[in-house]
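So you can see what is in the structure, the chains are spelled out below.
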Amino acid sequence: TSSMRFWVSMPLLALLAAAAAANMNGDYTISNPNTFSKTQYSTDYTTKNAEYFDVYSPPIETRYGEVYWTMMDPVPLPKELVARFANKTMAVIGYEADQVVKTEDGDKSWPIYYSYNHHFEAYLTGAHSELVKVDATKPGHENDWGMNNHGAPAYYIAKSVNDPQPNHHVPTSQFFSEGNGGEYRKSFHGYPAGFAQLIASPTTFNIQPMQIDTHNRFYNGTGFKAGILPKSSGAPPNASYSGLLECPCTTRIHKVINITYVTISSGSCQVPVKNATECWDAAKTVGAPASATQKEVSEANLPSGCSMETSDKGDVTVYFNSLAQAAPCGSNKIQTGTQGTSDGVSLTLHLDGTSEVGNATITITGPNGVWFGVAFNASAMADLPYSIIVDGNGHVTEQKLGDHDPGKTLANSLTVESVTISGSARIVVLSRPFAGASPDYYSFSNDVDSIPFLTAVGSGPAFAYHKSRAAATLTLSSVDSATCICNGGEKGTINGMPFSKTCAPEPVGDLLEQHNPTCTLESYQGGLSCCHHQNVLLDADQEQPEPVDTIHLKFRFWFQEYDDTKPSHQNLIRLYFQTEAYAGEYDVVKCPEGTPAEDCVQEITAHWQVQDMVKPCDVRVSPHCTGDTVGASGINLIYAGGHCHAPSCISLELYDADSGQLLCRQEPVFGNGTEIYNEEGYIAIPPCLWGPEEEGLEKPTFLPWNANLTSIKLNNNTYTHYGEMASWQMRGVVV
């Protein structure tokens, strides 16, 4: 954040008593009112004994067809508010948001059909927190599963810094993203009495919006009229919405597709390598040395297609077997592999499974004089991996890492076979049984053909914050037995940005089974990957209109003072999952011609457990953390907001799959006019809310950690739609 400038504009913030004004955007509704209560739940913040402040984003300046998607400069909160809450806690009980242009007569709401808010990620940071930028294109961060910014090339995580009270239970920052798309202006973002997002010593507002300029500069009439559209737009003629809001991949988009390869030591390849030339190239990508012998054969005792074999002397032979019916990929009792990383650390494994307990020989090479380490079965520190640390003197320890913290030191389970120095490198050879001493340790297995791992190098001899880090995958090959080399799928780039999709297989998600176009680069037609910051969603031969629109996102935060002696509020943790199961988006595929209109409905589903949404790290450190779950049995669900885009959204349903209970059903409310907040075809999504029954709410829903959840999302698929979403953005408390 040090490279950011602070954006200041007056009046930046209005701090007013609740009686001074009503809701900024009018009335709201919820999806699950308690129909048996004598009280009707009120979404009017002025009835909640709350105050509010208004805060504006820096200016968003765009031309027609342009995407604006980047972290904006921080906005400082005014001195009187900062002073009032210095070393105190603010309880944010809800917020409202709008998009406005500033005029001499005050703010003027800007129609959603002029500038479409695809989504936003907003933060309040405190005196002892800062935003940390995460480069999603770097190894280990390729896919945050949409948790933070829908798969953007960079996202931000708030972290505590220089915290004088690190053991305090109140977060040093907060994150706001519920109902955060085209539905954001008229979807309720409030909480029941006694619940809030708590923040210590708030000082700064930050926002990373994604806006798409759909304002037809050549039309001055009432309501919406589409401007020029690329050939790939999925919007039908005379649609009430712009096809640009679905991020079509235009002729300005350039794809580069590469094939990846994986190894397996049992069974056979699902997608085989096609020919010998491809086989030789594929072998190099999975670690075969340049000195490997290449042989074309037609033999029944070798696997069909591409394979490689390592002798007990380390000699490697790569085979391409043209015989279709041949031996399985096999015996994997002894495996070996070596992989280096960009920070100068190398890992070699020799896994011998011929004994009952198995023996893993681990060779780690790194720079002499400073500490270095390897973390197993991890692509990010958020995986909380088992690691081996070698200090600058060659002393070896085992560590269970935390999420961007050192974690805890484990009891030794390793035998040090040798420690040698060769030039500027230290080489450490270790051994241990396959099975870890406890779940905190990584357990090796001959059933695994590749292991993702992290490496890090320090600045000095003692284990501390790393100077550099890297991620890689170690490929294991069988010794004296053929390891198959298989087609592992496509990877590549769109306009130079890495394309990465993780469409989960059944039973988690069904996009792969449905062959949804979003899952592969080759079939990708539109969505976030064609909608990066400053992309122009027009074809190369279409001229972009010159006029620039300038708008601001405006947030109204409603708050109360927090009383720590009672305490007056419970902090709400964030719980998140996608019906599109890690893909971050999906395509609504047009129903076949001739299908009756009422049958043009596409359904996707997802299945997961409550514990899959849990991040057991300290809420003081990051608002993405769940907190200490030791001794807790589950969560009480307080707020559930689905996220989908106009114009095809029909419904989202969340079930307790163990009991069959429908927890939450949300049906979007479609606008039917031209006035602000009621634009035709655009939506609001009333959330589900649980709380005190005397408020007119259903009592909170308890879900144990192992509760199975099912989500069902329905879309109208009369027409094609790109980049649709079906995520659940929820809040709850650990109990």
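Just so it is clear, the structure is predicted and the values come from calculations on it, not from any experiment. (Residues numbered from 1 in each chain as written. Predicted model: local features only at pLDDT ≥ 70, side-chain atom pairs only at ≥ 80, totals over all residues. Heavy atoms only, no water.)

S.K.: Just to check I follow, could you spell out the overall build of the protein for this structure?
M.R.: Counting its regular elements, the protein contains two helices and 46 strands. The C-alpha atoms of the protein give 28 Å as radius of gyration, which agrees with the globular expectation for 735 residues (27 Å, within 12%). In terms of overall dimensions, the protein has a C-alpha envelope of 80 × 65 × 50 Å along the principal axes. Here the protein holds 735 residues, and the buried ones make up 57% of them. The long-range share in the protein, meaning contacts at least 24 apart out of those at least 6 apart in sequence, stands at 76%. (Helix = DSSP H or I, 4+ residues; strand = E, 2+ residues; numbered from the N terminus. Rg over C-alpha atoms; globule rule 2.2 N^0.38 Å. Buried < 20%, exposed > 50% of the residue type's maximum accessible area, 1.4 Å probe, protein only. Contact = heavy atoms within 4.5 Å.)

S.K.: Just checking my understanding: could you explain the sheet that holds strand 36 (residues 601-609) for this structure?
M.R.: The strands making up a sheet are joined through hydrogen bonds of the backbone, oriented either antiparallel or parallel. Read across the open sheet, the four strands follow the order 36-44-38-39; overall the sheet is antiparallel. A single partner strand is all that each edge strand has here, and the edge strands are strand 36 and strand 39 (661-666). Here the average twist between neighbouring strands, direction ignored, is 15 degrees. (Pairing = 2+ DSSP bridges. Axes fitted to C-alpha atoms, helices over the stretch in contact; angles between N-to-C directions.)

S.K.: Is there a simple way to think about the state of the cysteines in this case?
M.R.: Evaluation of the coordinates by the stated rule reveals ten disulfides. Covalent S-S linkage joins Cys269 and Cys486, the inter-sulfur distance amounting to 2.0 Å. Every disulfide takes its handedness from the sign of the S-S torsion; for Cys269 and Cys486 that torsion is -70 degrees, giving left-handed. A residue pair is termed long-range when its members are at least 10 positions apart, and Cys269 in the loop between strand 14 (255-264) and helix 2 (276-285) and Cys486 in strand 30 (residues 483-494) qualify at 217 residues. For the pair shown, Cys269 and Cys486 are each scored as buried. The partner cysteine of Cys617 in its disulfide is Cys625, sulfur to sulfur 2.1 Å. Here Cys617 and Cys625 share a disulfide; its torsion about the S-S bond, -100 degrees, makes the bridge left-handed. Pair check on accessibility: Cys617 and Cys625 agree, each one buried. (Disulfide = S-S within 2.5 Å.)

S.K.: It is not clear to me how the side chain of Thr475 should be interpreted in this structure. Could you clarify?
M.R.: Residue position: Thr475 is located in strand 28 (residues 466-475). Here Thr475 is in contact with Thr263, Val286, Thr336, Gly337, Asp449 and Ser450, once residues within four sequence places are set aside.

S.K.: What exactly am I supposed to notice about the packing of aromatic side chains here?
M.R.: The relation between two aromatic rings is expressed through the spacing of the ring centres and the mutual angle of the planes. For the structure shown, the criterion picks out 32 aromatic pairs. The interplanar angle of 10 degrees and the centroid separation of 5.9 Å between the aromatic rings of Phe376 and Tyr442 together place this pair among those described as stacked. Taken as a pair, Phe376 in strand 21 (residues 372-376) and Tyr442 in the loop between strand 26 (425-433) and strand 27 (450-458) lie far apart in primary sequence, 66 residues in all. Note on Phe376: relative accessible area 2%, which makes it buried. (Phe/Tyr/Trp six-rings, centres within 6.5 Å; stacked < 30°, edge-to-face > 60°.)

S.K.: Looking at this structure, how should I read the pattern of salt bridges?
M.R.: Enumeration according to the criterion identifies 19 salt bridges in this entry. A salt bridge links Arg63 to Glu546; the nearest nitrogen and oxygen atoms lie 3.5 Å apart. Taken as a pair, Arg63 in strand 3 (residues 60-63) and Glu546 in the loop between strand 31 (497-499) and strand 32 (548-561) lie far apart in primary sequence, 483 residues in all. Residues joined in a network through salt bridges with shared partners are Glu51, Arg84, Lys88 and Glu561. (Salt bridge = Lys/Arg side-chain N within 4 Å of Asp/Glu carboxyl O.)

S.K.: In this structure, what is going on with the environment of Gly496? I would like to understand it.
M.R.: Checked against the element boundaries, Gly496 lands in the loop between strand 30 and strand 31. Each C-alpha atom, one on Gly496 and one on Ile207, is 25 Å from the other, the two residues being 289 residues apart in sequence.

S.K.: When you look at the nonpolar core in this model, what are you seeing that I'm missing?
M.R.: What tends to happen in soluble globular proteins is that the nonpolar side chains get buried as a cluster. Phe53, Phe205, Phe555, Phe557 and Leu654 are the most contacted members of the largest nonpolar core, which has 81 residues in total. Excluding residues within four positions of it along the chain, Phe555 makes contact with Phe53, Asp54, Val55, Tyr95, Glu96, Ala97, Phe120, Ala122, Phe205 and Ile207. Ranked by size, the runner-up nonpolar core spans 29 residues in total, among them Phe376, Val396, Leu414 and Ala472. (Core = buried A, V, L, I, M, F, W, Y, C linked by side-chain atoms within 4.5 Å.)

S.K.: For this particular structure, what's the right way to read the environment of Thr62?
M.R.: Structurally, Thr62 can be placed in strand 3. For the pair Thr62 and Asp213, spaced 151 residues apart in sequence, the C-alpha to C-alpha distance is 6.5 Å. Discounting chain neighbours no more than four positions away, the residues touching Thr62 are Tyr68, Asp213, Arg217, Pro547, Val548 and Asp549.

S.K.: Help me understand the confidence of the model for the protein, please; the structure alone is not making it clear to me.
M.R.: In low-pLDDT segments, the atomic positions of the prediction should not be examined closely. Mean pLDDT over the protein stands at 91; residues scoring 70 or higher make up 94%. For residues 9-14, every residue scores under 50 in pLDDT, and the model assigns this stretch 15 contacts once sequence neighbours within four places are set aside. For residues 139-146, every residue scores under 50 in pLDDT, and the model assigns this stretch 25 contacts once sequence neighbours within four places are set aside. (pLDDT = per-residue confidence, 0-100.)

S.K.: Could you clarify how one ought to interpret the sheet that holds strand 22 (residues 386-390) in this entry?
M.R.: Strand order in the open sheet formed by six strands is 24-23-22-21-27-28, and the pairing between neighbours is antiparallel. With partners counted over all chains shown, the strands left at the sheet margins are strand 24 (408-410) and strand 28, one partner each. For this sheet, the mean inter-axis angle between neighbouring strands, taken without regard to orientation, is 30 degrees. Where strand 22 meets strand 23 (residues 396-400), five bridges bridge the pair, whose relative direction is antiparallel. When the sheet's bridge partners are listed, Ile388 is paired in strand 23 with Glu398.

S.K.: For this particular structure, what's the right way to read unusual backbone geometry?
M.R.: Glycine aside, a negative phi is what most residues show, and trans is what most peptide bonds show. With omega at 5 degrees, the peptide bond leading from Glu506 into Pro507 counts as cis. Looking at the secondary structure, you find Pro507 in the loop between strand 31 and strand 32. A cis amide bond links Lys566 with the next residue in sequence, Pro567, at an omega value of -15 degrees. Along the polypeptide, Pro567 turns up in the loop between strand 32 and strand 33 (570-571).

S.K.: Mind showing me how you'd approach helix 2 here?
M.R.: Owing to its 3.6 residues per turn, the α-helix aligns residues three or four sequence positions apart on the same side. Every buried residue of helix 2 is accounted for by Ala276, Glu278, Cys279, Trp280, Ala282 and Ala283. Where helix 2 is buried, its residues contact strand 14, strand 15 (293-297), strand 16 (305-310), strand 17 (316-321) and strand 30. Looking one or two residues past helix 2, Gly287 carries a phi angle of roughly 105 degrees, positive in sign.

S.K.: Sorry, what's going on with the pairing of strand 21 here?
M.R.: Working note: regular strand, side chains alternate between the two faces of the sheet. Burial analysis of strand 21 places five of its five residues in the buried class, which makes it a mostly covered element. Burial of strand 21 is two-sided: the residues Phe372, Val374 and Phe376 facing one way and the residues Gly373 and Ala375 facing the other way are all buried. Where strand 21 and strand 22 come together, four bridges link them in antiparallel fashion. Its bridge partner lying in strand 22, Gly373 is registered against Ile389. In this structure, strand 21 lies alongside strand 27, joined through five bridges in antiparallel fashion. Each bridged residue has a counterpart across the sheet, and for Phe376 the counterpart in strand 27 is Phe453.

S.K.: Please explain the side chain of Ser477 as it appears in this structure.
M.R.: Looking at the secondary structure, you find Ser477 in strand 29 (residues 477-478). Owing to a relative accessible area of 7%, Ser477 belongs among the buried residues under this scheme. Side chain to side chain, Ser477 and Thr310 meet in a polar contact 3.4 Å long. When near neighbours in sequence (up to four residues on either side) are disregarded, Ser477 contacts Met308, Thr310, Ile334, Gln335, Thr336 and Thr483. (Polar contact = N/O pair within 3.5 Å; in protein donor to acceptor, adjacent residues only side chain to side chain.)

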